[in-house]
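Results of the structural survey
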Amino acid sequence: MSCCRQSPAMCRPLAFSSLLAVLALQTVAVALVAAQGSSGGSPWQTLSGNPPLVIARGGFSGLFPDSSFNAYGLTMLTSVPDVVLWCDVQLTKDGVGICAPNVNIKNSTGIEQVFKDQAKSYLVNGVPTQGYFSVDYTMNDLANVSLIQGIFSRSDKFDGNRFPILTVEDVAGQMKPQGFWLNIQHDAFFTQHNLSMRSYVLSVSRRVVVNYISSPEVGFLRSIASRFNPRITKLVFRFLGPNEVEPSTNQTYDTLLNNLTFIKTFSSGILIPKYYIWPVDASLYIQPYTPVVLNAHKEGLEVFASDFANDLTLSYNYSYDPASEYLSYIDNGDFSVDGVLSDFPITPSVARDCFSHQGKNASEQVNLLVISKNGASGDYPGCTDLAYQKAVSDGVDVIDCPVQMSKDGIPFCLGSINLGDATNVLQSNFTTLSSTIPEIQPGSGIFSFSLSWSQIQSLSPIISNPHKNYSLFRNPKFRDAGKFLTLSDFLALAKNSNSLSGILISIENAAYLIEKHDLRVTDAVLDTLSKSGYANETSIKVMIQSTSSSVLKNLTEKSDYELVYKVDENIRDATDATVEDIKKFANSVVVGKTSVFPESRSFIIGQTNTVEKLQSFKLPVYVETFQNEFVSQAWDFYSDATVEINSYVEGAGINGVITEFPLTSARYKRNRCLGSKTLPNYMSPVEPGGLMQVIALASMPPAEAPNPVLTEKDVTEPPLPSYEAPTSSLGGGGPVAPTPPNRQPKTTTCLFSSNFALLLSTLLLFLKL
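Rules used in this analysis
- Residues numbered from 1 in each chain as written.
- Predicted model: local features only at pLDDT ≥ 70, side-chain atom pairs only at ≥ 80, totals over all residues.
- Heavy atoms only, no water.
- UniProt positions renumbered as here; feature names shortened; annotations may be inferred.
- Buried < 20%, exposed > 50% of the residue type's maximum accessible area, 1.4 Å probe, protein only.
- Helix = DSSP H or I, 4+ residues; strand = E, 2+ residues; numbered from the N terminus.
- Arc of directions from axis to C-beta.
- Contact = heavy atoms within 4.5 Å.
- Disulfide = S-S within 2.5 Å.
- Axes fitted to C-alpha atoms, helices over the stretch in contact; angles between N-to-C directions.
- Parallel < 35°, antiparallel > 145°, perpendicular 65-115°, else oblique.
- Left-handed = near helix turned anticlockwise from the far one by under 90°.
- Nonpolar A, V, L, I, M, F, W, Y, C, P; charged D, E, K, R; others polar.
- Phe/Tyr/Trp six-rings, centres within 6.5 Å; stacked < 30°, edge-to-face > 60°.
- Core = buried A, V, L, I, M, F, W, Y, C linked by side-chain atoms within 4.5 Å.
- Domains from an automatic or database assignment.
- Polar contact = N/O pair within 3.5 Å; in protein donor to acceptor, adjacent residues only side chain to side chain.
- Pairing = 2+ DSSP bridges.
- Right-handed = clockwise from strand over helix to strand, strands pointing away.
- Salt bridge = Lys/Arg side-chain N within 4 Å of Asp/Glu carboxyl O.
- pLDDT = per-residue confidence, 0-100.

As annotated in an unreviewed UniProt entry, the protein is glycerophosphodiester phosphodiesterase from Tripterygium wilfordii. Reading the Sequence similarities (unreviewed entry) entry of the UniProt record for the protein gives the comment "Belongs to the glycerophosphoryl diester phosphodiesterase family."

Within the sequence span of helix H14 (residues 385-393), burial applies to Asp-385, Ala-387, Tyr-388, Ala-391 and Val-392. For H14, the angular spread of buried residues about the axis comes to 165 degrees, placing them on one side. Looking at the buried side of H14, the elements it contacts are strand S16 (369-372), strand S17 (398-405), strand S18 (411-413), helix H16 (487-495) and helix H23 (662-669). Looking at the residues trailing H14, positive phi occurs at Gly-395, about 95 degrees.

Turning next to the state of the cysteines. According to the stated counting rule, one finds 3 disulfides in the structure shown. Paired by a disulfide, Cys-87 and Cys-99 hold their sulfur atoms 2.1 Å apart. Taking the sign of the torsion about the S-S bond as the criterion, the disulfide between Cys-87 and Cys-99, at about -105 degrees, is left-handed. Of this pair, Cys-87 sits in strand S2 (residues 84-91) while Cys-99 sits in strand S3 (residues 97-99), and the two are 12 residues apart along the sequence. There is no split in this pair, since Cys-87 and Cys-99 are both buried. Across the disulfide, Cys-401 is cross-linked to Cys-413 (sulfur-sulfur distance 2.0 Å).

In this section: the packing of helix H22 (residues 641-651) against H23. Relative orientation of the contacting elements H22 and H23 amounts to 55 degrees, with a least axis distance of 10 Å. By the angle between their axes, H22 is oblique relative to H23. Where H22 crosses over H23, the handedness of that crossing is right-handed. Contacts between H22 and H23 pair Ala-641, Thr-642, Ile-645, Asn-646, Val-649 and Glu-650 from the former with Thr-664, Ser-665, Arg-667 and Tyr-668 from the latter. In the contact of H22 with H23, the residues fall into 4 nonpolar, 4 polar and 2 charged.

Another aspect to go through is the packing of aromatic side chains. Inspection of the entire model under this criterion finds 38 aromatic pairs. An angle of 75 degrees between the planes, with centres 5.8 Å apart, marks the rings of Tyr-212 and Phe-304 as edge-to-face. One end of the pair, Tyr-212, is in strand S9 (residues 212-215); the other, Phe-304, is in strand S14 (residues 302-308), and 92 residues separate them in sequence. Of the residues examined, Tyr-212 reaches a relative accessible area of 10% and is grouped as buried. Ring centres 6.1 Å apart and planes at 65 degrees place the aromatic pair Phe-239 and Tyr-253 in the edge-to-face group.

One broad trend across soluble globular proteins is that nonpolar side chains are buried collectively. Grouped together as the largest cluster of nonpolar side chains are 192 residues, with contacts concentrated most on Ile-270, Ile-277, Ile-399, Ile-503, Leu-529, Ile-544 and Ile-654. Two domains share this core, each providing at least three of its residues, namely domain 1 (53-355) and domain 2 (369-694). Ignoring any residue separated from it by four or fewer positions in sequence, one finds Ile-503 in contact with Val-398, Ile-399, Phe-490, Leu-491, Ala-494, Leu-529, Tyr-534, Ile-540, Lys-541, Val-542 and Met-543. Judged by nonpolar contacts, the second largest core, of 12 residues, contains Ala-422, Val-425, Ile-446 and Ile-456.

This next bit is on the side chain of Glu-717. Secondary-structure assignment places Glu-717 in the loop between helix H24 (712-715) and helix H25 (747-768). Overall, Glu-717 belongs to the buried group, its relative accessible area being 9%. Here Ser-548 takes part through its side chain, which lies 2.8 Å from a polar atom of the side chain of Glu-717. Reaching out from Glu-717, the side chain makes a polar contact with the backbone nitrogen of Ser-549 at a distance of 3.3 Å.

Moving on, we get to helix H17 (residues 510-517). Residues lying three or four places apart along an α-helix face the same way, a consequence of the helix completing one turn every 3.6 residues. By the criterion of burial, H17 is predominantly enclosed, with 8 of the 8 residues buried. Residues of H17 that are buried include every one of Ala-510, Ala-511, Tyr-512, Leu-513, Ile-514, Glu-515, Lys-516 and His-517, and no others. Close packing links the buried residues of H17 with S17, strand S21 (502-507), helix H18 (521-531) and helix H19 (549-556).

A word on the pairing of S21. The element S21 is largely enclosed, with a buried count of 6 among its 6 residues. Side chains Gly-502, Leu-504 and Ser-506 of S21 all project onto a buried face; the interleaved residues Ile-503, Ile-505 and Ile-507 project onto the opposite face, where all are buried too. Examined bridge by bridge, S17 and S21 share 6 bridges and lie parallel to one another. Across the sheet, the residue bridging to Asp-400 is Leu-504, located in S21.

On to the packing of helix H3 (residues 69-78) against helix H5 (residues 168-175). Their axes nearest at 11 Å, the elements H3 and H5 cross at an angle of 35 degrees. Both H3 and H5 take part in a crossing whose hand is right-handed. For the pair H3 and H5, contact is made by Phe-69, Tyr-72, Gly-73 and Met-76 and by Asp-170, Val-171, Gln-174 and Met-175, respectively. Within the contact of H3 with H5, the residues separate by chemical class into 5 nonpolar, 2 polar and 1 charged.

With respect to burial, strand S13 (residues 269-273) is a largely interior element, 5 of its 5 residues being buried. Covered by surrounding structure in S13 are Gly-269, Leu-271 and Pro-273 together with Ile-270 and Ile-272, the residues of both alternating faces. Summarising the sheet, S13 and S14 pair through 5 bridges and their orientation is parallel. Paired with Gly-269 across the bridge in S14 is Glu-302. Handedness of the S13-helix H11 (residues 292-298)-S14 crossover: right-handed.

All right, on to the pattern of salt bridges then. Any two side chains of opposite charge can pair, on the condition that their charged atoms come close. Counted under the stated rule, the structure contains 28 salt bridges. Between Lys-234 and Glu-302 there is a salt bridge, and its shortest N-O distance comes to 3.2 Å. With a gap of 68 residues between them, Lys-234 in strand S10 (residues 234-238) and Glu-302 in strand S14 connect regions that are remote in the sequence. For Lys-234, a relative accessible area of 26% translates into the label partly exposed.

Of note, the bond from Glu-624 into Thr-625 is cis; its omega dihedral lies within 30 degrees of zero at -10 degrees. In this structure, Thr-625 sits in strand S28 (residues 621-626). With a phi close to 65 degrees, Cys-383 is a non-glycine residue in the positive phi region. By relative accessible area, Cys-383 is classed as buried at 0%. Of note, the phi angle at Ser-471 is positive, near 60 degrees, even though the residue is not glycine. Among the structural elements, Ser-471 can be located in the loop between helix H15 (453-457) and H16.

Averaged over every residue, the pLDDT of the protein is 90; residues scoring 70 or more account for 89%. Across residues 1-39 the pLDDT falls below 50, and counting only partners more than four positions away or on other chains, this stretch makes 84 contacts in the model. Every residue in residues 725-769 scores below 50 in pLDDT, and together they form 64 contacts with partners more than four places removed in sequence or on other chains.

As structure tokens, this is what we get:
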């Protein structure tokens, strides 16, 4: 039996100290960035004029089990110094106050395994509820019960750590937070079980400093109002759903919201669900804000907003960026809430101290190239005029055009040569053109070179939904909006955008297009660039990218543009000879995210040498593809796109990001925290493999085979085919082997070429004989 089972108190300091050790990278030194303005006054529109509070619900409950030592400890390490720790107080059978998210502790603890078949059913606020309740167990009974993750969409890998249930005194004494908040959710329920929450709260407040006490029950707050000094402990009335009934007044919370003068008689503030302030419609789009914050401030009531979590579905207006959501509550120009209640306190910490009160013209604090991926394809169908316009307005540095060729030789922008990936062609009259071309992709498709440009223009674009399996969809109101652009149109759009520093043109499948269809994509790109005035362009840098070294070698002979080699496999390093070879045909390199931070089951397992090696040869490194949806990020990044970007920039030192959501990356460059002499703890990069060290051995994800090292044979390819008439309309053999498709071993082509050369030399020798 472990020490935690014998004596939970013995293990509590160990749990926190182990967290400190594995997260040593997170700086302990406090470096609160000044979010205040000049001496002319505060920019904050809170009731007090102070920055809004960051309140951590059960600690960092978005990652670790709610109310565990690690959840509270991680909060202290990654949040603003004045972060407030929230404890949902439940009473045990012997009257001990514990921190647990609900009076029914079944989902948040392993009690069902300790006390099997002892579930009970009680009325909680008039609702029959079955489970395991704190009121049925003494604190001694709960000594063998561990905290677990109660939200099933979050990782359960920390459940094996046997986090003990904590008392209110444990949290206050061990963490010593600057702010401590007790939430009393079910006073009436405890009264029914002969337990006095009022007596407990009055008693515990004499032993620990409690800064805030909230409750959704008017009667409870009124019963203790006279016993607390509001300058020390503020009472906050918590609103539940608008149609729910408050038990002591028998009024709905919506009705009580219209009587703030009454609320003011027993509380200093109100805690309301965020949709009370910014309602959303049935389609998850934001509606105009309500006057609740302004009305409450007029009454002298502070307003705290709840229900913030990075891994909940956000309004589409926020583009899956939780920092944008927080900014709409604390820095919208009209009002600011006085605090936010969050499961991921690092995000409001960054939003408050790094991003608030700055516009698009704020100075850049880091040298980072932000490159779009098919434009702002997280907000609009990729490679459409709307996607590019959004990317430019979001502050992107470089917009990209993956060039495809139509049947009549028009180069245009589309993220895939298979029209089925980005258009409604599969619902059109062109389905008979479907074919299978192994040189391009394993399955069938309808390819751009099978339709004329006018036919392609008749199709509708389709927005990408890479995470639809998680029911995460992108901007459905505009899922088929926008129009396709020729390369010429794209270049004109870029030239008319004064803020851009460059364009990135991608060329793939060049050998196949030349050999099978006589479509000379490289020449088409160069010709269009020249006709559009880019041959002599000085203000906009032209970058041309390919996974094919033969394409880039061909371009080195014909242009002086920056050539970008895209490594189409996950690697952990590259040999010196390989990088020397790359330098002969490329000026910079693109790699995938896991070539920098490899993962196992969405946990980072370390950091590779990829970036360091490439940069040691003076090759800038751009990394793709960054997305805002939390499921695209390793657990280590706390379901926060900004934390992920920061870790790649500050931790790995990359030169650029390729992103489907340019606004998030462009805003990151301008955050004031990066200009600080000492990075605040919430802007320190994550420690690669840090979370893996916290996982109990029995819960560790399986070991993954390491990524390979990039070698010379991986980048060596035969020259592009000479220009000849196509031997067939679709597929088929040819005199020269095609360039291998993306993510296929390039050695196959090299082997075929060498074998063909050997056969040819043998035949010549035979003829001489």
